[in-house]
Amino acid sequence: MVSARRIAAATLLLPMAAFAQKKVTDAEVNKITREAILIDMHNDITSETVTGYDIATPNKKGQTDLARMKGVLGGEFFAVYVGANYVEGNHSANRALQMIDTVRHDVVEGHPKDFLLATTAADVYEAKKQGKIAALMGIEGGHAIEDSPRLLRDFYTLGVRYMTLTHFNTNNWADSQGDIDNPKVEHHNGLTPLGKEIVKEMNRLGMMVDISHTADKTFWDALETSTAPIIASHSGCRAVTGYTRNMTDEMIKALAAKGGVVNINFGCEFLSQSYFEGSRELNAKIRPQYEAAQKISDPKEREAAVDKIREQFAGALPPATIDDVVAHIDHVRQVAGIDAIGIGTDFDGVACVPKDLDSYAKFPNLTRKLLEKGYTGEDIKKIYGANMLRVMKAVEDRAKAIQSGK
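Note that this is a predicted model, so its numbers are computed, not measured. (Residues numbered from 1 in each chain as written. Predicted model: local features only at pLDDT ≥ 70, side-chain atom pairs only at ≥ 80, totals over all residues. Heavy atoms only, no water.)

### Some words on the side chain of Lys132
Along the chain, Lys132 turns up in the loop between helix 6 (121-130) and strand 4 (133-140). Among buried Asp, Glu, Lys and Arg side chains, Lys132 stands out as unpaired, with Glu126 the closest opposite charge at 8.2 Å. Dropping the residues within four chain positions of it, Lys132 is found in contact with Gly74, Pro112, Lys113, Asp114, Phe115, Leu116 and Ala127. (Helix = DSSP H or I, 4+ residues; strand = E, 2+ residues; numbered from the N terminus. Buried < 20%, exposed > 50% of the residue type's maximum accessible area, 1.4 Å probe, protein only. Lys, Arg positive; Asp, Glu negative; His and termini not counted. Salt bridge = Lys/Arg side-chain N within 4 Å of Asp/Glu carboxyl O. Contact = heavy atoms within 4.5 Å.)

### Considerations on the pattern of salt bridges
Opposite charge on two side chains makes pairing possible when the charged atoms of those side chains draw close. On inspection of all chains with the given rule, the structure shows 18 salt bridges. With a shortest N-O distance of 2.3 Å, Asp26 and Arg368 are connected by a salt bridge. Of this pair, Asp26 sits in helix 2 (residues 26-35) while Arg368 sits in helix 15 (residues 363-372), and the two are 342 residues apart along the sequence. What makes Asp26 exposed here is its relative accessible area of 51%. Looking at Arg368, the relative accessible area reads 24%, which means it is partly exposed. In this structure, the salt-bridge partner of Asp216 is Arg238, at a minimum N-O distance of 2.9 Å. Here the residue Asp216 occupies a position in helix 9 (residues 216-225), and Arg238 occupies one in the loop between strand 7 (231-235) and helix 10 (249-257), the gap between them amounting to 22 residues.

### Points about the pairing of strand 7
In terms of residue burial, strand 7 counts as a mostly covered element, since five of its five residues are buried. One ladder, built from three bridges, connects strand 7 with strand 8 (residues 261-264); its direction is parallel. Residue Ala232 lies in a different strand from strand 8, and its bridge partner there is Val262. Chirality of the crossover, the property in question, places the unit of strand 7, helix 10 and strand 8 among those that are right-handed. (Pairing = 2+ DSSP bridges. Right-handed = clockwise from strand over helix to strand, strands pointing away.)

### Considerations on the nonpolar core
Core analysis: the largest hydrophobic core is formed by 94 residues, its most contacted members being Phe115, Met163, Leu165, Leu366 and Tyr384. No other element matches helix 5 (residues 92-109), which puts seven residues into this core. Those residues in contact with Phe115 that sit more than four places away from it in its chain are Ile55, Leu66, Met69, Phe78, Val107, Val108, Lys132, Ile133 and Ala135. Counting 20 residues, the second-largest nonpolar core is a separate cluster that includes Tyr162, Met208, Met388 and Val391. (Core = buried A, V, L, I, M, F, W, Y, C linked by side-chain atoms within 4.5 Å.)

### Quick look at unusual backbone geometry
Even without glycine at this site, Asn90 takes up a positive phi of about 55°. Here Asn90 shows up in the loop between strand 2 (73-81) and helix 5.

### What about the packing of aromatic side chains?
The final tally for this structure, using the stated rule, is ten aromatic pairs. The interplanar angle of 75° and the centroid separation of 5.9 Å between the aromatic rings of Phe266 and Phe347 together place this pair among those described as edge-to-face. Pair noted here: Phe266 is in the loop between strand 8 and helix 11 (268-271) and Phe347 is in the loop between strand 9 (341-343) and helix 15, with a separation of 81 residues, a long-range link. An aromatic cluster of at least three residues, connected via ring pairs, comprises Phe266, Phe347, Tyr360, Phe363 and Tyr384. If you follow Arg161 out to its NZ or CZ, it ends over the ring of Tyr156, 3.6 Å from the centre. The positively charged end of Arg333 is found above the aromatic ring belonging to Tyr375, 4.0 Å away from the centroid. (Phe/Tyr/Trp six-rings, centres within 6.5 Å; stacked < 30°, edge-to-face > 60°. Lys NZ or Arg CZ within 6 Å of the ring centre and 35° of its normal.)

Dropping the structure here:
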């Protein structure tokens with residue numbers, strides 16, 4: 001027989017459970033998702049368009065194509081990704097120019113009714129007004145400038161509005177997280193004097209400083225050197241998932257205190273501790289295959305080999321979930337507040353993303369989850385793009401002040 005005390009206790013718990021998960025309507029979800037200016041701070045579909053893929057055709061192996069972008073996405077930072085292999089023979093700048101061209105020519109000029117080339121926060125608002133997607137660019141890998149501030153300025157002129165100071169490789173002026181534990185690599189203890197000058201020149205130009213691939217000391221040097229807010233274009237929280245590409249709480253707080261934003265990466269290894277731990281062992285087995293594939297000279301053969309490796313990798317471990325994405329968003333909010341959160345999916349650049357968030361068309365799923373957790377519509381709009389538009393404007397304003405001698 002159930003006691004009256006137990007019945008009373010259960011009754012008291014009912015409203016608490018109901019309060020914990022807010023009832024959300026489809027109309028509310030769709031309204032907020034479409035009103036928001038969703039800006040993805042990092043997308044690698046450019047590695048496909050540069051070899052001939054038309055973004056307006058279905059992308060059967062990845063997350064990004066025009067049909068799934070339209071109606072949801074407001075702005076896309078296309079990655080001007082320059083692999084470390086281009087350092088050999090000084091081909092990094094050449095590759096960067098090819099990647100810039102694929103955004104300007106293949107994406108924007110190829111589909112002028114759907115994309116607007118954007119270089120300012122005002123351009124993003126204008127794209128939204130015109131019913132288009134703002135096409136923006138961020139260099140991934142500081143070796144792309146070949147140690148030359150002159151090339152940095154040229155890339156800015158061509159439309160690049162952020163630069164990730166390193167990729168997985170340490171360059172001649174900044175240490176990377178990717179090889180920081182490799183004793184064979186000569187490191188600098190963060191930024192060199194040239195690295196600090198590059199950060200200052202980025203401030204002067206109005207180019208955002210991105211620390212998503214940097215070693216921790218490089219992050220702290222960049223934060224100290226920059227007089228404008230800095231960003232993590234595609235990272236997560238190390239307290240939630242121990243991947244060192246993610247940021248510590250101390251780093252998140254410091255970045256936010258200077259007005260910066262952590263843009264949450266949707267890669268499974270960033271989101272899930274169990275996936276991260278499993279992927280380390282798997283990476284050790286697959287890395288020799290991947291390195292061999294990167295040496296294939298024919299671009300299409302190389303791409304096919306890499307795709308095959310990614311398929312093997314993706315099916316070997318249980319993927320992260322949309323709840324893992326929410327956990328990282330929640331953690332940044334708890335550590336640094338709602339104004340420090342953004343989105344940097346890393347779509348078409350990672351082997352695994354949550355199934356419920358494997359394209360822009362599925363962002364209503366995230367909107368619903370956040371509403372159910374108690375986030376307001378204004379909170380979600382900040383996360384989706386308003387926070388980064390604020391940072392863009394702050395970086396632009398700082399550049400104007402520096403150029404005017406202030």
